[in-house]
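As a plain string of letters, each chain reads:
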Amino acid sequence: MSLQTHFIPSLIVFLLSFPSYYSLPGISEASGYGALPGRVNPWYPSTIQGHNFGSKIMSSKMGRSLAAVKTFNVNDYGADGSDATEAFNNAWKAACSSSQGSVLVVPKNKNYLLKPITFEGPCKSSITVQIYGTLQASADRSAYSKDLTRWLVFENVQNLAVEGGGTINGNGKIWWENSCKVNDDLPCKDAPTALTFYNCKNLVVKNLKIQNAQKMHVSFEKCVGVEVSGLTITAPADSPNTDGIHVTRTQNIQISSSVIGTGDDCISIVSGSQKVQATGITCGPGHGISIGSLGDGNSEAHVSDVTVNGATLTGTTNGVRIKTWQGGSGSASNIKFQNIEMHDVKNPIIIDQKYCDQDKPCKSQSRAVQVQNVLYQNIKGTSSSSEAIQIDCSEKFPCKGIVLQGIDLRVGGKAAKAECNNAKITEKGNVSPSCT
């Protein structure tokens, strides 16, 4: 009886106090910002397979007295319908310099016009950016005179979450019209990536709509420990170089439950990337899911431990692709493409070690990026071209350890063809078309 007398009141007090840790004071639907989704503390524990990067932060916070977070609203810093760049910059500086966890709020039902801006760290504590409204890029190309390659940048920030269900609009039409890929008479110039994360660690990006990027939509560069989910990325099928998600020099990244349809690769994974997982991806239109290109300009490139498990591709010019330039070096290894549906895809399975994306024909070279240990498993559907499998590898550096298992690709209701050169291929189970 004595134990119950002491234990039950203590339990009630604990349960009543516990939710205060997971709520943000002053932020609610009534405040005009929209309800915060699910776990709303400025840095919540998120788990990537083999990389539980939230636990240490959370355990240190639990040791404190359930400290409240501090909220920063861009409107309070002068953001309005005109150029909001300075207001966003000032709001970020205030949030980033806060010694307690902070939330930067972009209210709903408003458009914010932004010129190029870098949200730079390191910050004093964890930070969440809640985007409920719309960020719209300036259409004035002269505004990018200092750096033609980036519009919105988060740089050198740890323990960052960017989310909220809002929209990031790159306003890319003016850039597409002035691209040499659209007009051969124009010189080839760079264009901005809409959203760049550079040198960030312990990063969550989720529940955002990113559309009409000037060039690439979102790029993860030199990041570690990244969780990406619930993105909807769209641009016209003829918009040039508008990759959906670009991964470079980044380790431990998981991309899930996202819908991507653009004018280039839905997902592109290039040199320096390791431990990349993509699941639940819907792709099309676009150029498919690509590793590469690698080795351009006789460079050394390395990509390893990539898994694409669960994807649907519709009407894309390629399915799952590995592309390398002649003359490069390095390797693309330990790669798995599993449980993928193809619907009217031009080149469902392709390895191209003679990739050449330039006006002049590329010179034949003996060096090549080594492609090895690649699994294609349970890939089914329809091809829009007669050759559903194209594996074209280097004579001097043939592809090694290529496994085809459970493949069923057809064209027009009939069996498709396979063209396989300079590759050591093992086929398991039913494989149609077959390389043998």
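See above for the structure.
Values in this document were obtained by computation on a predicted structure and should not be read as measured data. (Residues numbered from 1 in each chain as written. Predicted model: local features only at pLDDT ≥ 70, side-chain atom pairs only at ≥ 80, totals over all residues. Heavy atoms only, no water.)

So, about the side chain of Gln 326. Mapped onto the secondary structure, Gln 326 falls in the loop between β22 (320-325) and β23 (329-345). Taking the relative accessible area as the measure of exposure, Gln 326 reaches 17% and is therefore buried. A distance of 3.0 Å separates the side chain of Gln 326 from the backbone nitrogen of Gln 365, its partner in a polar contact. In contact with Gln 326, not counting residues within four places along its chain, are Gly 295, Asn 298, Gln 353, Lys 354, Lys 363, Ser 364, Gln 365 and Arg 367. (Helix = DSSP H or I, 4+ residues; strand = E, 2+ residues; numbered from the N terminus. Buried < 20%, exposed > 50% of the residue type's maximum accessible area, 1.4 Å probe, protein only. Polar contact = N/O pair within 3.5 Å; in protein donor to acceptor, adjacent residues only side chain to side chain. Contact = heavy atoms within 4.5 Å.)

Before going further, it helps to spend a moment on the pairing of strand β13 (residues 201-211). On a regular strand, each side chain points to the face opposite its neighbour's, so the side chains alternate between the two faces of the sheet. In the sheet, strand β10 (residues 158-163) pairs with β13 via 4 bridges, with the strands oriented parallel. If you follow Leu 160 over to β13, its bridge partner there is Leu 203. Pairing between strand β11 (residues 167-169) and β13: 3 bridges, direction parallel. If you follow Ile 168 over to β13, its bridge partner there is Ile 210. (Pairing = 2+ DSSP bridges.)

Once that is clear, we can look at the side chain of Asp 264. Residue placement: Asp 264 occurs in the loop between β17 (251-261) and β18 (267-269). For the buried residue Asp 264, which engages in no salt bridge, the nearest side chain bearing the opposite charge is Lys 323, 5.1 Å off. (Lys, Arg positive; Asp, Glu negative; His and termini not counted. Salt bridge = Lys/Arg side-chain N within 4 Å of Asp/Glu carboxyl O.)

Okay, the sheet that holds β22 next. Strand order across the open sheet formed by 11 strands is β6-β9-β12-β14-β16-β18-β20-β22-β24-β26-β29, with parallel pairing between neighbours. The open sheet has two free edges, formed respectively by β6 (117-120) and β29 (417-421), since each of these has just one partner strand. Between one strand axis and the next, the sheet turns by 15 degrees as a mean value, whatever way the strands run. Of the pairings in the sheet, the one linking strand β14 (residues 218-221) to strand β16 (residues 245-248) comprises 4 bridges and is parallel in character. Paired with Val 218 across the two strands is Ile 245, which belongs to β16. Contacts from helix α3 (residues 85-96) reach β6 and β9 (150-155) within the one sheet, and its direction differs from that of β6 by about 5 degrees. (Axes fitted to C-alpha atoms, helices over the stretch in contact; angles between N-to-C directions.)

Before going further, it helps to examine the environment of Ser 258. For Ser 258, the location among the structural elements is in strand β17. When its relative accessible area of 1% is taken as the criterion, Ser 258 is described as buried. Considered as a pair, Ser 258 and Ser 229 are 29 residues apart in the sequence and their alpha carbons are 6.0 Å apart. Among all residues touching Ser 258, those that are not within four sequence positions of it are Ser 229, Gly 230, Leu 231, Gly 280, Ile 281 and Thr 282. A distance of 3.2 Å separates a polar side-chain atom of Ser 258 from the backbone nitrogen of Leu 231.

Let us look at the pairing of strand β5 (residues 111-114). Along β5, the buried face is formed by Tyr 112 and Leu 114; none of Asn 111 and Leu 113, which line the opposite face, is buried. In the sheet, β5 pairs with strand β8 (residues 134-137) via 4 bridges, with the strands oriented parallel. Within the sheet, the bridge partner assigned to Leu 114 lies in β8 and is Ala 137.

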